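The lines below spell out each chain.
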Amino acid sequence: MSSNIYTEASNILLTHKSGSLKSRIYSAHNASQNSRASPARLYALIMETLKYQDLLNEVIKNSGILSIEKKLNPTITLLLLHDHLLLKAGKDCISLSASHPLKSAILRHKARLNAELTRSRLRRGFPTLEALKAAAKSSEESTTNIPRWVRVNTVKTTLKGVLSTTPFDTFTKVESLQSVFDPPEKSENVFYVDAHIPNLLAFPVSMTQMLTSHHLYTTGALILQDKASCFPAYILNPPPGAHVIDACAAPGNKTTHLAAIMSGGCSMYGKGRITAFEKDPRRSEILSRMVNKAGANGIVQIRKASDFLKSNPQADPHVGYTTHLLLDPSCSGSGITSREQAESSLTKFTPLTLPAQLHGVRSKKRKQPTSPPPLEPENQETSTTSNDEATAALSTRLLTLSGFQLTLLLHALSFPHATRITYSTCSIYFQENEHVVVAALLSPIARERGWKIDSELSMLKGWERRGIAEEVENKARGLLKHGEELDHSWVKDVATGCVRCDGGDGTGGFFVACFVRESNGSEMSHTFIREEERESQGEHEEVFEEWEGINDVIEAEEGSRLPTISAPKKKNKVSQNSPKRVKLLRRKK
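Reading the values: rules and limits
- In this convention, every chain numbers its residues from 1, walking through the sequence in written order.
- Only residues with pLDDT of 70 or above have their local features reported here, since the model is predicted, and side-chain atom pairs are shown and tallied only from 80 upward, although totals for entire chains, interfaces and linings are computed over all residues.
- Side-chain numbers come from the whole structure's heavy atoms, not from hydrogens or water.
- In DSSP terms, a helix is any run of H or I states spanning at least four residues, a strand is any run of E spanning at least two, and both are numbered starting from the N terminus.
- Remark: exposure states derive from per-residue accessible area (1.4 Å probe, protein chains only) relative to the maximum for the residue type, with buried under 20%, exposed over 50%, and partly exposed in between.
- Only heavy atoms matter for contacts: two residues are in contact if any of them lie within 4.5 Å across the pair.
- Here the accessible surface of atoms and residues is derived via Shrake-Rupley with a 1.4 Å probe, and residues count as covered only by protein chains that are part of the display.
- In this description, the arc belongs to the directions extending from the helix axis to the C-beta atoms.
- The angle between two axes is taken between their N-to-C directions and runs from 0 to 180 degrees, where each axis is a line fitted to C-alpha atoms and a helix contributes only its stretch in contact.
- What sets the label is the angle itself: under 35 degrees gives roughly parallel, over 145 gives roughly antiparallel, 65 to 115 gives roughly perpendicular, and the rest give oblique.
- Handedness of a helix crossing follows the sense of rotation of the near helix relative to the far helix, less than a right angle counterclockwise being left-handed and clockwise being right-handed.
- Throughout, the ten residues Ala, Val, Leu, Ile, Met, Phe, Trp, Tyr, Cys and Pro are labelled nonpolar, Asp, Glu, Lys and Arg are labelled charged, and all others, Gly among them, are labelled polar.
- Within 6.5 Å between ring centres, the rings of Phe, Tyr and Trp (the latter by its six-membered ring) count as paired, and their orientation is classed by plane angle as stacked under 30 degrees, edge-to-face over 60, tilted in between.
- Here, a disulfide means two cysteine sulfur atoms that sit within 2.5 Å of each other.
- Throughout this description, the term salt bridge denotes a Lys or Arg side-chain nitrogen within 4 Å of a carboxyl oxygen of Asp or Glu.

### Things to note about the overall build of the protein
Counting its secondary structure elements, the protein contains 25 helices and 15 strands. The buried share among the 589 residues of the protein stands at 49%. Contacts in the protein between residues at least 24 apart in sequence constitute 76% of all its contacts with a sequence separation of at least 6. By element, 50% of the accessible surface of the protein is carried by carbon and sulfur atoms, the whole surface being about 29,400 Å².

Now the structure itself:
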């Protein structure tokens, strides 16, 4: 049978793999050469179908369709019946040609299937199909508490243009995010315009399939992107003429958001450009398709299968003049756990078990079920040991991740023309967040070049959830040099400059911080001055030789030193009284 969205979705459901539904879909999509359906459409179809699987399985059993139509199997029938019976009341919406064998097999039993749906619905106490769907929608949204966020891609359209397009022109605008979960009476089709991120809309999750099948989505004018994921590009806020790097760019949501911001609501970018690095070859292809779909290929240059850590700002003029960098490296993903748990509870797939005679096999006499063995009392010592091992494994993983994240951040801080950098994770752990930020700020390269945290973040002044001051202080104390003492106003500034999302305002767990420094004309033009020139100017500061990149060795021990920057080979020590020393910390008297 040729591949189509229903066979692909069926294969994903029947393939037992670990990971979230979304990750399984993308893995299957990347591995297949013949995939015809987009990951977003597959995700919407599976999510929506599994919400009604008990009802639809009952219809399948009672109709007896599988005993007649040999081309059908339980899983693919489940998916087909969702689009036939539930997608739009009274209208068949199976996405296959009229002559396709699978569609014909369903349509031959149209009357019987509709009758069984009505019986099953009434047995559940719902007078109408609309009442049934409303109950499913309410149950789903109370479980996730995260709406379907949609970013308007201003490279291709405008917010006004979207809201004047069918069917959005008939939707009701609500004034609070809570109203998306609990819409006014007779106003199920609602949307909310976000108060923090421009051109960002929130819809009920139940509208996902409608959104992903809309022509504005398929042409890249609408992009499904969580609110928290929009923070890094919005905070970075590169002007139209900026030279920007997205260091870990795939799948491309943040990259295309940067392009939209730099376009200023039109298709012109000035002389600016975005260089998007992606180390993984397969993810590079996903990034390329995303950029092209969003119409951002005029400003975005993709470095396919290219490692940002191996970029050389001294030798490569294309990246050497970078002014803004967006870093969203690999992390524990602990911030999206709640979303995945909610998804898991909503989309647990239970294959339909059929009597043997439906497949032409004589049913054997069943054995009488036996009682399960009594449960053994839980061994308290074993449980404690298991928890200790899990905690140790998590600590080791966080240490490895934070080491990589810090290495990436230090490399970004070394770019000679950079003046603004955002660092973000979808993690809730301070080891990957505040600790990495503090270690970067107290590194030699940050002190030498005058990097500090943007504690004002004027574009998010109304956002109350900020960094954990206690963890900023704890990490800083462990990195103090001899003779230094902690300045508590600095601790407060750093914590204030860290933005956290913790599930409020329709977001998952997320963290972002912004590093800034004032551009220095002489430093920007002459990053490496020869020693003779420095001596003639009466300066006795660090002199750097040729760039050799970031040292790949990371010490994996608690309290270990910062990853070494092998680029700046010192010929002369920095004078403690150097006027260029950045005073982040007070010196003991």
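### Thoughts on helix 23 (residues 488-496)
The complete set of buried residues in helix 23 reads Trp490, Val491, Val494 and Ala495. Buried residues of helix 23, viewed axially, fall in a sector of 130°; they line one side. In this structure, the buried side of helix 23 is in contact with helix 20 (434-441), strand 11 (452-453), helix 22 (469-479) and strand 13 (498-502).

### Quick look at the packing of helix 4 (residues 53-63) against helix 8 (residues 110-123)
Following both chains from N to C, one finds helix 4 and helix 8 inclined at 130°, their axes separated by 9 Å at the closest point. As judged from the angle between their axes, helix 4 and helix 8 are oblique. Viewed along their axes, helix 4 and helix 8 form a crossing whose handedness is right-handed. Between helix 4, through Leu55, Glu58, Val59, Asn62 and Ser63, and helix 8, the contact on the second element is made entirely by Arg112, Leu113, Glu116, Leu117, Ser120, Arg121 and Arg123. A breakdown of the residues in the contact of helix 4 with helix 8 according to their chemical character gives 4 nonpolar, 3 polar and 5 charged.

### Here we look at the packing of aromatic side chains
The geometry of an aromatic ring pair is captured by two quantities: the separation of the ring centres and the angle between the planes. According to the stated counting rule, one finds 7 aromatic pairs in the structure shown. When the centroid spacing of 5.1 Å and the interplanar angle of 90° are considered together, the rings of Phe231 and Trp463 count as edge-to-face. A residue pair is termed long-range when its members are at least 10 positions apart, and Phe231 in helix 14 (residues 227-236) and Trp463 in the loop between strand 11 and helix 22 qualify at 232 residues. Across this residue pair, the class does not change: Phe231 and Trp463 are buried.

### Observations regarding the environment of Thr422
The residue Thr422 is located in strand 10 (residues 420-425) in this model. Each C-alpha atom of the pair Thr422 and Ala412 lies 9.8 Å from the other, and the pair is 10 residues apart in sequence. Setting aside chain neighbours within four positions, we find Thr422 in contact with Pro232, Ile235, Leu236, Leu325, Leu326, Leu327, Val512, Ala513 and Cys514.

### Remarks on the state of the cysteines
Under the criterion given, the structure shown has 0 disulfides. Here Cys331 stays free of any disulfide, with the sulfur of Cys426 as its closest cysteine sulfur at 3.4 Å.

### Let's talk about the pattern of salt bridges
On inspection of all chains with the given rule, the structure shows 17 salt bridges. The closest approach of N and O atoms between Glu48 and Lys51, which form a salt bridge, is 3.0 Å. Note that Glu48 and Lys51 are positioned in helix 3 (residues 39-51) at a spacing of 3 residues, about one turn of the helix. Take Glu48 and Lys51: they sit in the same class, and that class is buried. Where Arg477 meets Glu473, a salt bridge forms, and the shortest distance between an N and an O atom there is 3.0 Å. Within this pair, Arg477 and its partner Glu473 are both found in helix 22, separated by 4 residues, close to a single helical turn. What emerges from the salt-bridge pattern is a single network uniting Glu58, Arg123 and Arg124.

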